Structure formats: C-alpha cells, structure tokens
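Chains, contacts and geometry: an overview
Chain by chain, the residues:
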Amino acid sequence: TSNPEEILGAIRAGAREYIYPPCVPTLPQALERLSAERQKKAETVKPGGRTIGFVSAKGGLGATTLACHAATEIQRRTGHDTLLIDMDMSAGLVRSFIKTSSRYSILDACSNVHRLDKSFWRALVTNGHVGLEVLGAPIDSEVKDPPSPAQLRHVLRFARSQYEWILADLGRGRSMMLSGALDELDELLVVTTMEVPALLQVKQLLQYLRERRFGPQRIKLVLNRVVRRPELSIPDLEKLLGMNVF
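Residues numbered from 1 in each chain as written. Predicted model: local features only at pLDDT ≥ 70, side-chain atom pairs only at ≥ 80, totals over all residues. Heavy atoms only, no water.

What to know about the side chain of Thr 100
Topologically, Thr 100 is positioned in the loop between α4 (94–98) and α5 (106–110). The residues touching Thr 100, leaving out its near neighbours within four places in the chain, are Arg 95, Thr 126, Asn 127, Gly 128 and Val 134. (Helix = DSSP H or I, 4+ residues; strand = E, 2+ residues; numbered from the N terminus. Contact = heavy atoms within 4.5 Å.)

Structural notes on the state of the cysteines
In the structure shown here, the tally under the stated rule is 0 disulfides. Looking at Cys 68, it has no disulfide partner, and the nearest cysteine sulfur is the one in Cys 110, 19 Å off. Looking at Cys 68, the relative accessible area reads 6%, which means it is buried. (Disulfide = S-S within 2.5 Å. Buried < 20%, exposed > 50% of the residue type's maximum accessible area, 1.4 Å probe, protein only.)

A closer look at helix α9 (residues 196–211)
Over its 16 residues, α9 runs 23 Å from end to end, which matches the ideal 22 Å to within 8%, given 1.5 Å per residue. By the burial criterion, the buried members of α9 are Ala 198, Leu 199, Val 202, Leu 205, Leu 206, Tyr 208 and Leu 209. Those residues of α9 that are buried are in contact with β1 (50–56), α8 (176–181), β6 (187–192), β7 (219–223) and α10 (234–241). In the stretch just after α9, Arg 213 is the one whose phi turns positive, near 60°. (Expected span 1.5 Å × (residues − 1).)

Some details on unusual backbone geometry
In this model, Pro 21 is joined to Pro 22 through a cis peptide bond whose omega is 0°. Residue placement: Pro 22 occurs in the loop between α1 (4–12) and α2 (26–42). Unlike most non-glycine residues, Arg 213 shows phi in positive territory, near 60°. One non-glycine residue, Arg 225, adopts positive backbone phi at about 55°. By secondary structure assignment, the location of Arg 225 is in the loop between β7 and α10.

Description of the pattern of salt bridges
Enumeration over the complete set of coordinates arrives at 7 salt bridges. The partner of Arg 157 in a salt bridge is Glu 184, and the shortest N-O contact between them spans 2.8 Å. In this pair, Arg 157 is assigned in helix α7 (residues 149–162) and Glu 184 in the loop between α8 and β6, connecting sequence segments 27 residues apart. For Glu 184, a relative accessible area of 9% gives the class buried. (Salt bridge = Lys/Arg side-chain N within 4 Å of Asp/Glu carboxyl O.)

Here we look at the packing of aromatic side chains
Per the stated rule, a full pass over the model turns up 3 aromatic pairs. Seen from their ring centres, Tyr 18 and Tyr 20 are 6.3 Å apart, and the 55° between their planes marks the pair as tilted. Classification of Tyr 20 as partly exposed rests on a relative accessible area of 35%. Taken together, Trp 121, Phe 158 and Tyr 163 form an aromatic cluster joined through their ring pairs. Between the NZ or CZ atom of Lys 220 and the centre of the ring of Phe 246, over which it lies, the distance is 5.7 Å. (Phe/Tyr/Trp six-rings, centres within 6.5 Å; stacked < 30°, edge-to-face > 60°. Lys NZ or Arg CZ within 6 Å of the ring centre and 35° of its normal.)

Describing the sheet that holds strand β2 (residues 82–86)
Spatially, β3-β4-β2-β5-β1-β6-β7 is the arrangement adopted by the 7 strands of the open sheet, whose pairing is mixed. Looking at strand neighbours, the two that pair on one side only are β3 (126–129) and β7, the edges of this open sheet. Recorded for the sheet is a direction-independent mean angle of 25° between the axes of neighbouring strands. The strands that helix α3 (residues 63–78) touches are β1, β2, β3, β4 (132–135), β5 (165–172), β6 and β7; relative to β5, the one it contacts most, it runs at about 175°. (Pairing = 2+ DSSP bridges. Axes fitted to C-alpha atoms, helices over the stretch in contact; angles between N-to-C directions.)

Structural notes on the nonpolar core
One broad trend across soluble globular proteins is that nonpolar side chains are buried collectively. If you look at the biggest cluster of nonpolar residues, it comprises 66 residues, and the most contacted ones within it are Leu 84, Ile 106, Trp 121 and Leu 188. Top contributing element to this core by residue count: α9, with 7 residues. In this structure Trp 121 touches Leu 83, Ala 109, Leu 116, Leu 135, Val 155, Phe 158, Ala 159 and Tyr 163, once residues within four positions along its chain are discounted. (Core = buried A, V, L, I, M, F, W, Y, C linked by side-chain atoms within 4.5 Å.)

Description of the packing of α9 against α10
Each pair of packed helices can be described by the angle between their axes along with the distance between the axes. It is the contact of α9 with α10, at a shortest axis distance of 10 Å, that shows an interaxial angle of 45°. One element, α9, and the other, α10, form an angle in the oblique class. On α10, the residues touching Leu 199, Val 202, Lys 203, Leu 206 and Arg 210 of α9 are Leu 237, Leu 240 and Leu 241. Each residue belonging to the contact of α9 with α10 can be placed in one class, and the counts come to 6 nonpolar, no polar and 2 charged. (Parallel < 35°, antiparallel > 145°, perpendicular 65-115°, else oblique. Nonpolar A, V, L, I, M, F, W, Y, C, P; charged D, E, K, R; others polar.)

Looking at the pairing of β6
Most of β6 sits out of view: 6 of its 6 residues are buried. Residues of β6 alternate between two faces, with Glu 187, Leu 189 and Val 191 on one and Leu 188, Val 190 and Thr 192 on the opposite face, all of them buried. Relative to β6, β1 is paired through 5 bridges, and the arrangement is parallel. Note on β6: the bridge partner recorded for Gly 53 is Leu 188. Bridge count between β6 and β7: 5 bridges; the pairing is parallel. Paired with Leu 189 across the strands is Lys 220, a residue of β7.

What is shown is where atoms sit, not what they do.
Shown next, in the form of structure tokens:
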C-alpha cells in the first residue's frame, strides 16, 4: 500500500527500502542498487591482506596440523585479525584441532555469495582463539553440491577484505578446492615427508602446479617429520623434485 503512515512506520522501524505495487520498474531498480552496494563492499580489499594455502602431497602428512599451528602463531606474533579456513572436503579436522563447534562451513559461504557481507559473515565464522576465527569444512563428508571455482574465489576475496591473514587447509593432492583457490593464493605450502609414496605424489603435484602456471616463487616445499639420518639427502631430494626445500 502507498499509505504514508505505513511507509513512515516501516522506515521508523528500520526499513531502508519501501516498495508497493506496481513493482515495475521500482523493484528491479531497488535490487540493482542494493546489489551494487554489496558488490562494492565485497571488493574492498584491505592493504596487507595475505592468503596462504597448505596442501599435502597425500593424506596423513600433517598439513592440517601445520596450518593450525601457523594460524595460531601468526596471530600471536602479529596481533592481526587472522582467519583459518578448512577446505579439506574429505577430512575436515580443523574443528577438532582448534576445538570449535560452529555447524557452518565453507560451503555455506560459497552457496550464499549473493548475500555475503560483514553481518552475514559474522554468523558463519567462530572464534578459535582471541583474534583467530575459523570457518570449518562441512560436517557431512559427502558433498553433493561442490562449490564452483568462481564461488571459491569470491569467498576468498571477501575474506581478504576482512582479515590481514587468511590460512587455508586445502586437503591433499590435486583437489577441486585447490584448483578453485589457486588464483587467490599469495603462497602455497606443499607438505611432504621423505617416504617414497609421498615423494611420488608431491612430484606429480608440483608438475600440476607448473601446468596451471602457478609461479614457483609462490610455492614453498615443506618437509615434515624429517629423521636424523634420512636415506635420501636434502640436496638429492631437491634435485629429484626440481625445487629447493623451504
């Protein structure tokens, strides 16, 4: 209705827009204006925001543990707002390691990119420690509707506008989540051990990153659980993989 008293009452109650029939062309114009405002907020990037990914050559090599420790330590040392995202669709262990209980996940963010703003984001994330927020992986291990690369990029860009540091656990190997996140990563830490199966997998992973034109200067090769006297020396390993150990 176009009743002035009802319009004033709605505005006093907090309404920002008031639309009454006929809705053409008023409604499309209002929606376009609101959409432009949301997009402008989402694309505002903080200077210094940095995104670091962690990926294992194969399962069980400790990338999730390293991501959790790194996020906690970066926040402690810098005092900056830090986000830890669990993008491991098969394991999703960050919730357990950081001891958070939020039921929302990266999938909820990806499926709601059209309404992603600061207030909506606050409902998705949970505090792991002071200054460190966590966005978990889906609790249900069977993901029926995986996010698109465009959705992942949108979420990571929005996160960059809200935090100085974003750390993402990308699971293992050449996953869909890794592929979708690559363009938004400042650095990718590739985690392996000295075991032969892990070295074979990491060699394939590094080749995949080269094919995707992910610059070698953005890749950091991390050796985990190095024994005191490994069968293969570090120089031999670097020669085998064509990359220095970080």
